[in-house]
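Coordinate inspection notes
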Amino acid sequence: MNFLRGVMGGQSAGPQHTEAETIQKLCDRVASSTLLDDRRNAVRALKSLSKKYRLEVGIQAMEHLIHVLQTDRSDSEIIGYALDTLYNIISNDEEEEVEENSTRQSDDLGSQFTEIFIKQQENVTLLLSLLEEFDFHVRWPGVKLLTSLLKQLGPQVQQIILVSPMGVSRLMDLLADSREVIRNDGVLLLQALTRSNGAIQKIVAFENAFERLLDIITEEGNSDGGIVVEDCLILLQNLLKNNNSNQNFFKEGSYIQRMKPWFEVGDENSGWSAQKVTNLHLMLQLVRVLVSPNNPPGATSSCQKAMFQCGLLQQLCTILMATGVPADILTETINTVSEVIRGCQVNQDYFASVNAPSNPPRPAIVVLLMSMVNERQPFVLRCAVLYCFQCFLYKNQKGQGEIVSTLLPSTIDATGNSVSAGQLLCGGLFSTDSLSNWCAAVALAHALQGNATQKEQLLRVQLATSIGNPPVSLLQQCTNILSQGSKIQTRVGLLMLLCTWLSNCPIAVTHFLHNSANVPFLTGQIAENLGEEEQLVQGLCALLLGISIYFNDNSLENYKKEKLKQLIEKRIGKENFIEKLGFISKHELYSRASQKPQPNFPTPEYMIFDHEFTKLVKELEGVITKAIYKSSEEDKKEEEVKKTLEQHDSIVTHYKNMIREQDLQLEELKQQVSTLKCQNEQLQTAVTQQVSQIQQHKDQYNLLKIQLGKDNQPQGSYSDGAQMNGIQPEEIGRLREEIEELKSNQELLQSQLAEKDSLIENLKSSQTSPGTNEQYSATDAARSSEQVAELKQELATLKSQLNSQSTEITKLQTEKQELLQKTEAFAKSVPVSGENETVTATKSTDVELLQETKELKSEIKALSEERTAIKEQLDSSNSTIAILQNEKNKLEEKLTDSKKEQDDLLVLLADQDQQIFSLKNKLKELGHPVEEEDELESGDQGDEDDEDEDDGEDQDHI
């Protein structure tokens, strides 16, 4: 407040004394008036003065205006005036064009008033609650005021809104408002709210913001829409940029598919308004946010696949090859396609198959490379094409091979009708434009990045320099141009290409050293004391010479590692060499190129370093420094250690493979053992069942044997023998069937035993086979041998059980045969005359059995009928009990209600008595006679008491 008074006192053109007094009087009216109309008129007057006399109104009226917001919420008109006045005080948007000092002073004024307003957090919470009002005159100025607060002191206001209950949710409701003014200003409010605050961004995203914003963009006409589409796209960028949670939510919500209609721009050339260009530019940037190289690799990869599956990549490639597209949109589309295909094999393969709509059709890569090496094209477009080519080759060995193959003699088109990508790169490499030299060198280096096969293949490339002269290899031509003293940008590009080519490729190093002029040229460049501009070239020459030493396989006698190090020590000096090598990483443009993969440079002079090359420098600088300081003995020791390590690694890998095979075999054996255990348990259960069945058959057989023994006695009656003879064939048939089942079970068990024997033999052979005893560890071998021994014991017991079972079955079969023979002999020995007697005896016994069974059945039927009757009686009694219980509950409820009514009546009667008593006293005081009435009332009261007692007795009786 002191600051504000100081500012006010220092103003030369401040308000007149009369205006100050007017504002003071208006504030007094707002504070003291009891009539709402007076307060409303006073606030309206303050609003009209707040733009011109912002400081005075802010100092004197802010507290009163906040009080109005708290106390007069029922009147929307005065609330709207108060919010508009506060907005005029806090906001800097209404300032006219004034001097720079006045503008800075007004900005300070707005931030100071904002700080005063938010000092009490309840003021912001009050403002959020006012936004729930649907009245236009309250909601719209409230939205503008909160937006202004966020613009002035964003982080502080964001924190207050974040901790207020349902604060963000209330603001999200603005997007659903049917009035476009409030909806559009709500989008601006959410822009300010979500800026640089990840927590609020997540809350807004999970409040269905993506769905609502995409709906608004669709309603407004996608890229053909107005500034509302632009505001929605900026808000979407705020929610998604550097927020992995929201990006994942956006992808899983299938919102990427809804972005495809944005890029259906058509072929007409007249539809590119300034707003459409802005909208499409923001849409492309939003796609890049989802596939940015700075995102986690997994999230980027999933978004790239989704964009290919929904056809978004195809739509972008259509814009890429279309005619009449503005240059900035074309450049941004190339950058977007670059990041959509970067490191994604499926997308890279699709991009390789895209053709330009020309006659004959040319691959899109070739058309883009033609733009890159054409010096007439805009600089930003050439940078975008280079980035696209780099992203196409990033982690794409297939694409690298296709690019290098276009340079090999067997694949070059003899007719010369079509230009290949490799020919364009070579043309750019040796053109007179230094920027084309640099771009072609970097592009060719990316075709070799991390691919030793293509580095060796590129050594086969031969170039025809002039007519009549023999062809020269591409490697030799690069060194020739390097030694001719061309521009720094050209030399830096060629040196980066050579360093990438020779690293991790001893064959390429040998080819490079085979030219006797290369090493003297490098040492001469490094040893000279040149200016600051040439220091970078010296550092790159030192790096190339260091690579030639570190990756040297000592195949050339004159250029072995030791001789090259001696040459450096004599001609340059080790310390000087290391110092020159350090010039690379100390260069100011080195750190800039190492930050982002995209070659984003303001002017061509800044195009010095490539992002991937900075990684190579960081990787090789330390190892080359160590290699230079090492002695020959240390090199020999290191080579010996390398050889031993390689041998050790080969042995370790061999044993690792053996251990993997061993683990697989152990797993198989464990599975086999577990299956064998299960089968063994099943067999044991089957054997126990067979044993029990055999015992039953034995008992039946013994019973029959006893009965036949009785029949064979001479004193046995013919009737009993005839009865047994009548039952015997059924028993014998049943025995035959059971014996056949036992035989089939025995055959099945024997076949299973044979399978287990063969399996155990295989296991024994696999365990005792040569090599496996060395592979298995002692513990595993012991376990497998114990398991096999257990299996053997279990199978031996099974075999013994089966053998005993088979002997018992044979015994039963012999006894059965004997039994049959005896029965036949017995049937023959029975005389014919006794047949009628035996038949009558059997018939009589059968009749008796039938009668008994009928009686038993009738008894069972009667019992079941009695049981059903009892059950029905029980069910009916249960139902009646339930009905009685319900009636009892209803009666209890009625009883409680009647008791409550009686209590209420008693209370009322007591109140009436008290009133009558008071009236009597008043009548007595006035001199009126009241005796008869007293008696009557007392009688009535007695009757009422009697009735109450009767009612109480009735209730108790109930």
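Cut-offs applied
Residues numbered from 1 in each chain as written. Predicted model: local features only at pLDDT ≥ 70, side-chain atom pairs only at ≥ 80, totals over all residues. Heavy atoms only, no water. Helix = DSSP H or I, 4+ residues; strand = E, 2+ residues; numbered from the N terminus. Buried < 20%, exposed > 50% of the residue type's maximum accessible area, 1.4 Å probe, protein only. Areas by Shrake-Rupley, 256 points an atom, 1.4 Å probe, with all protein chains shown as cover. Contact = heavy atoms within 4.5 Å. Phe/Tyr/Trp six-rings, centres within 6.5 Å; stacked < 30°, edge-to-face > 60°. Axes fitted to C-alpha atoms, helices over the stretch in contact; angles between N-to-C directions. Parallel < 35°, antiparallel > 145°, perpendicular 65-115°, else oblique. Left-handed = near helix turned anticlockwise from the far one by under 90°. Salt bridge = Lys/Arg side-chain N within 4 Å of Asp/Glu carboxyl O. Expected span 1.5 Å × (residues − 1). Patch = residues over 30% accessible without salt bridge, like charges linked within 9 Å, V, L, I, M, F, W, Y side chains within 5 Å. Lys, Arg positive; Asp, Glu negative; His and termini not counted. Charge placed at Lys NZ, Arg CZ, Asp CG, Glu CD. Nonpolar A, V, L, I, M, F, W, Y, C, P; charged D, E, K, R; others polar. pLDDT = per-residue confidence, 0-100. Arc of directions from axis to C-beta.

Counting its regular elements, the chain contains 42 helices and four strands. When burial is assessed residue by residue, the chain has 42% of its 958 residues classed as buried. As displayed, the chain has an accessible area near 52,400 Å², and 51% of this comes from carbon and sulfur atoms.

Cis geometry is found at the peptide bond from asparagine 359 to proline 360, where omega equals 0°. Tracing the backbone through its elements, the reader meets proline 360 in the loop between strand 1 (355-356) and strand 2 (362-363). With phi around 55°, methionine 166 is a residue other than glycine that occupies positive phi space. The residue methionine 166 is located in the loop between helix 9 (154-163) and helix 10 (167-172) in this model. At serine 196, a position not held by glycine, the phi torsion is positive, near 60°.

Before going further, it helps to examine the environment of arginine 212. The residue arginine 212 is located in helix 13 (residues 209-219) in this model. By relative accessible area, arginine 212 is classed as partly exposed at 24%. Counting along the chain gives 36 residues from arginine 212 to alanine 176, while the straight-line C-alpha distance between them is 7.8 Å. Residue contacts for arginine 212: discarding those within four places in its chain leaves Met172, Asp173, Leu175, Ala176 and Glu207.

Turning to the packing of aromatic side chains, a few remarks are in order. Under the counting rule described, the total for this entry stands at 13 aromatic pairs. Each ring, one from phenylalanine 210 and one from phenylalanine 249, has its centre 5.9 Å from the other, and the planes form 35°; the classification is tilted. Remark: phenylalanine 249 occurs in helix 15 (residues 244-252) and phenylalanine 210 occurs in helix 13; sequence separation between them is 39 residues. Given the relative accessible area of 0%, phenylalanine 210 is considered buried. Judged by its relative accessible area of 25%, phenylalanine 249 is partly exposed. Feature note: the residues Phe206, Phe210, Phe249, Phe250 and Tyr255 constitute an aromatic cluster, connected by ring pairs.

Along the chain, methionine 172 falls in helix 10. For methionine 172, a relative accessible area of 0% corresponds to the buried category. C-alpha separation for the pair methionine 172 and alanine 209, spaced 37 residues apart in sequence, amounts to 7.5 Å. Those residues within four positions of methionine 172 in sequence are excluded, and the remaining contacts are Leu190, Val204, Glu207, Ala209 and Arg212.

At a minimum axis separation of 9 Å, helix 11 (residues 180-194) and helix 14 (residues 227-240) run at an interaxial angle of 25°. Classified by the interaxial angle, the pair formed by helix 11 and helix 14 is roughly parallel. For the pair helix 11 and helix 14, the crossing hand works out as left-handed. Counting all contacts with helix 11, which are made through Arg183, Asn184, Val187, Leu188, Leu190, Gln191 and Thr194, the residues of helix 14 involved are Val228, Asp231, Cys232, Ile234, Leu235, Asn238 and Leu239.

If you walk through the whole model with that rule in mind, you get 22 salt bridges. Of the charged contacts in the structure, one is a salt bridge between aspartate 72 and arginine 39, with a shortest N-O distance of 3.1 Å. Placement of the pair is aspartate 72 in the loop between helix 4 (54-71) and helix 5 (76-90) and arginine 39 in helix 3 (residues 36-50), with a sequence separation of 33 residues. Given the relative accessible area of 8%, aspartate 72 is considered buried. Glutamate 332 is paired through a salt bridge with arginine 288; the nearest N and O atoms lie 3.1 Å apart. One end of the pair, glutamate 332, is in helix 19 (residues 327-341); the other, arginine 288, is in helix 16 (residues 274-290), with 44 residues separating them in the sequence. Exposure class is identical for glutamate 332 and arginine 288. Each is buried. Taken together, the shared-partner salt bridges connect Asp37, Arg40, Arg44, Asp75 and Glu77 into one network.

Another aspect to go through is helix 31 (residues 532-550). For helix 31, spanning 19 residues, the distance from its first C-alpha to its last is 27 Å, which sits close to the expected 27 Å at 1.5 Å a residue. Counting buried residues along helix 31, 15 of its 19 residues qualify, which places the element largely inside the surrounding structure.

Judged by side-chain charge, Glu892, Glu893, Asp897, Glu901, Asp903 and Asp904 come together as a negatively charged surface patch. Along the chain, the position of glutamate 893 falls in helix 41 (residues 835-926).

This brings us to the packing of helix 14 against helix 16. Packing of helix 14 against helix 16 leaves a shortest axis separation of 9 Å and a crossing angle of 15°. Relative to helix 16, helix 14 is oriented roughly parallel. Read as a crossing pair, helix 14 and helix 16 show a hand that is left-handed. Residues Ile227, Val229, Glu230, Leu233, Ile234, Leu236, Gln237 and Leu240 of helix 14 pack against Gln275, Thr278, Asn279, Leu282, Met283, Gln285, Leu286, Val289 and Leu290 of helix 16. Residue classes in the contact of helix 14 with helix 16 are distributed as eleven nonpolar, five polar and one charged.

Averaged over all residues, the pLDDT of the chain is 81; the fraction at 70 or higher stands at 77%. When the criterion is pLDDT under 50, residues 1-16 qualifies, and its contacts beyond four places in sequence or with other chains add up to 18 contacts. Low pLDDT, under 50, characterises residues 714-727; the stretch is placed with 13 contacts to residues that sit more than four places away or in other chains.

This part takes up helix 32 (residues 561-571). In an α-helix there are 3.6 residues to a turn, and that puts residues three or four apart on one side. Every buried residue of helix 32 is listed here: Lys561, Leu564, Lys565 and Ile568. Considered in projection along helix 32, the buried side chains sweep an arc of 100° and stay on one side of the axis. Looking one or two places after helix 32, you find glycine 573, whose phi comes out positive at around 95°.

Attention now goes to the side chain of threonine 510. Within the secondary structure, threonine 510 is located in helix 29 (residues 506-514). Overall, the relative accessible area of 18% leaves threonine 510 in the buried class. Not counting chain neighbours up to four residues away, the residues in contact with threonine 510 comprise Asp553, Ser555 and Leu556.

Note that glutamine 237 resides in helix 14. Taking C-alpha positions, glutamine 237 is 9.5 Å from valine 287, a pair spaced 50 residues apart along the chain. Residues in contact with glutamine 237, not counting those within four places in the same chain, are Leu282, Gln285 and Leu286.

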